[in-house]
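Observations on chain architecture
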Amino acid sequence: KLLRTRGSSLRKMAGFTMSLNLLLLVAMVATNIFSLYHLSSTTNFFQSTVKSSQSSVPTVPDHLLRQLHTIRAAINHLTNHQPDKSTSIASSVTSRATVSSSPPKDLLLYSKLSPIASACHDYPDLLHEYMNYTPFSLCPSDTDLVEKLILRGCHPLPRRRCFSRTPRNPSDSKPESNVIWSYYSCKTFDCLATKFPDLGFDLSLEKSKSQFSSYKSELDLPISQLLQIAKSANSVLRLGIDIGGGTGSFAAAMKARNVTVLTTTMNFNAPYSEAVALRGLVPLHVPLQQRLPVFDGVVDLVRCGRAVNRWIPVTVMEFFFFDLDRILRGGGYLWLDRFFSKKVDLENVYAPMIGKLGYKKVKWAVANKMDSKHGEVFLTALLQKPGTFLEFQIVYLTVVEDLEDKILGTIPEHEAFFQL
């Protein structure tokens, strides 16, 4: 009886154990099923999120991709010494037939010795053509190529180990013998003076003096009047720079009055630099967009000729004016000689830009262009840089007060407050 009681209890315990194991097995299977379902739903969610995020990313414009390929190709040419294979097909279409696909050896050598202007990297084909020469021999006849690179901001140009081309028999008695005329259509200065009578190719001193000594309109500022203004202000004129000075007529006229003037010029289809040198003056072969190679605060006078006008981009113009301020000493003069622009642009853009300098207006004359069809005007302005920071504050506050009066007089007071 005792054995039968124990057997029945054992069977009950075995049945309970089996039921418990079955229950645990069912729970484990259910847990795995729920885990797989959760993982699959999470994966689908992330995939849909990635797809939606990828579709929401804006595509890069084609012209930016082309610029990126060009920059990469230039960097590979000038630093890694290996052309970019991904852009070899595109570059071969735009490159000249005479330019080799591999960079010239002297370009690679010079890039290790001295940094090359960043703008040069944007024109690798022109730069390679310029540096593709035979060392220790005669330099190529590539004046036009030099002008193209400089105008595009590739300045200063890399140095070359070749002998420059010079006139065969230069003579002081024959000015034409000092120019290589094969670059130009005219072959004499008389031809240039006849073809371009207003560009100063009549190199006689009398012509230069008369050009800056007469007073025919309010736009004129004779040199004698300029010197008198400086003398009355106890300001000495010893050194000046003529920006875009052409053939150096102004520098020649100032040289006769014991004032040294440097002339910045470019050879646009005519030998401007040679004409300046024939007058015994210094031509600076630099473009307008480059920093002037002059130390800070050492110049007494800066004259901007007709090369400085509205064709220069506004941002470039603003950097240009502040570079002129950098080289001018306190009390020096900035002379804008016949600055050309539309009247509305002069009032809304250039006059406020000039006003940012805080200079004193010694002369400010505006006259309409004779054959104007779109409201073009000329501006002649003589401005004096403040000698001290206190003078600058006084002049600048005066300019602000004038602008305040103009604004308050033309629009309601509550709107003027926000504009000021």
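An account of the accompanying structure is given in this report. (Residues numbered from 1 in each chain as written. Predicted model: local features only at pLDDT ≥ 70, side-chain atom pairs only at ≥ 80, totals over all residues. Heavy atoms only, no water.)

**Some words on the side chain of Glu147**
Selection criterion: Going along the chain from the N terminus, every DSSP run of H or I of four or more residues is numbered as a helix, and every run of E of two or more is numbered as a strand. Only protein chains enter the area calculation, which uses a 1.4 Å probe; residues under 20% of their type maximum are buried, those over 50% are exposed, and those in between are partly exposed. When charges are counted, neither His nor the chain ends are considered; positive counts come from Lys and Arg and negative counts from Asp and Glu. Salt bridge, as used here, is a side-chain nitrogen of Lys or Arg placed within 4 Å of a carboxyl oxygen of Asp or Glu. The contact criterion used throughout is that any non-hydrogen atoms of two residues lie within 4.5 Å.
Among the structural elements, Glu147 can be located in helix H6 (residues 143-151). Here Glu147 sits buried without a salt bridge, and the closest side chain of opposite charge, Arg152, lies 9.6 Å off (N-O distance). Those residues within four positions of Glu147 in sequence are excluded, and the remaining contacts are Met266, Asn267 and His285.

**As for the environment of Arg326**
Stated formally: By the criterion applied in these results, polar contacts are pairs of N or O atoms within 3.5 Å in which, for protein atoms, one can donate a hydrogen and the other can accept it, and in which residues neighboring in sequence qualify only through two side-chain atoms.
Secondary-structure assignment places Arg326 in helix H12 (residues 314-327). For the pair Arg326 and Asp296, spaced 30 residues apart in the sequence, the C-alpha separation amounts to 5.4 Å. Apart from the residues lying within four places of it in its own chain, the contact partners of Arg326 are Arg291, Leu292, Val294, Phe295, Asp296 and Gly297. Within the structure, Arg326 has its side chain in polar contact with the backbone oxygen of Leu292 (distance 3.0 Å). Among the polar contacts made by the side chain of Arg326, one reaches the side chain of Asp323 at a distance of 2.7 Å.

**Concerning the packing of H12 against helix H13 (residues 343-355)**
Filter applied, for reference: All axes are obtained by fitting lines to C-alpha atoms, using only the stretch in contact for helices, and the reported angles, taken between N-to-C directions, cover 0 to 180 degrees. We call two directions roughly parallel when the angle between them is under 35 degrees, roughly antiparallel when it is over 145, roughly perpendicular when it lies between 65 and 115, and oblique otherwise. For any pair of crossing helices, the crossing counts as left-handed if the nearer helix is rotated counterclockwise from the farther one by less than a right angle, and right-handed if it is rotated clockwise. Gly falls in the polar group here, along with every residue not listed as nonpolar (Ala, Val, Leu, Ile, Met, Phe, Trp, Tyr, Cys, Pro) or charged (Asp, Glu, Lys, Arg).
Running from N to C, H12 and H13 cross one another at 25°; their axes reach a closest spacing of 10 Å. Relative to H13, the element H12 is oriented roughly parallel. Regarding H12 and H13, the two cross each other, and that crossing is right-handed. Side by side, H12 and H13 meet where Val314, Met317, Glu318 and Phe321 of the first sit next to Val349, Tyr350, Met353 and Ile354 of the second. When the residues that make up the contact of H12 with H13 are grouped by side-chain class, the tally is seven nonpolar, no polar and one charged.

**Here we look at the sheet that holds strand S2 (residues 260-264)**
Our working definition: Between any two strands, at least two bridges found by DSSP are needed for them to pair.
In spatial order, the strands read S3-S2-S1-S4-S5-S7-S6; together these seven strands make up an open sheet with mixed pairing. The sheet terminates laterally at strand S3 (283-284) and strand S6 (360-368), the two strands that pair on one side only. Sheet analysis places strand S4 (residues 299-304) next to strand S5 (residues 328-342), joined by five bridges and oriented parallel. In the strand pairing of S5, Val302 is matched with Leu334. The sheet contacts of helix H9 (residues 223-232) involve S4, S5, S6 and strand S7 (376-384), and relative to S5 the element is tilted by about 145°.

**Quick word on the side chain of Asp142**
In this structure, Asp142 sits in the loop between helix H5 (124-131) and H6. A distance of 2.9 Å separates the side chain of Asp142 from the side chain of Arg160, its partner in a polar contact. When near neighbours in sequence (up to four residues on either side) are disregarded, Asp142 contacts Tyr130 and Arg160.

**Details of the state of the cysteines**
Cysteine pairs can be covalently joined through their sulfur atoms, and such a bond is termed a disulfide. Quick reminder of the rule: Criterion for a disulfide: a pair of cysteine sulfur atoms within 2.5 Å.
The tally for this structure, following the rule as stated, stands at three disulfides. Each sulfur in the disulfide pair Cys139 and Cys162 lies 1.9 Å from the other. When the S-S torsion is 95°, as for the bridge of Cys139 with Cys162, the disulfide is right-handed. Residue Cys139 is found in the loop between H5 and H6, and its partner Cys162 is found in the loop between H6 and helix H7 (189-195); the two are separated by 23 residues along the sequence. With respect to burial, Cys139 and Cys162 carry one shared label: buried. Across the disulfide, Cys186 is cross-linked to Cys191 (sulfur-sulfur distance 2.1 Å). Measuring handedness by torsion sign, the sulfur bridge of Cys186 and Cys191 sits at about -55° and is left-handed. Of the residues examined, Cys186 reaches a relative accessible area of 4% and is grouped as buried. Each bonded cysteine of the chain gets a number by its place in the sequence, and the pairs then read 1-3, 2-4, 5-6.

Purely spatial values, then, with no claim about function.
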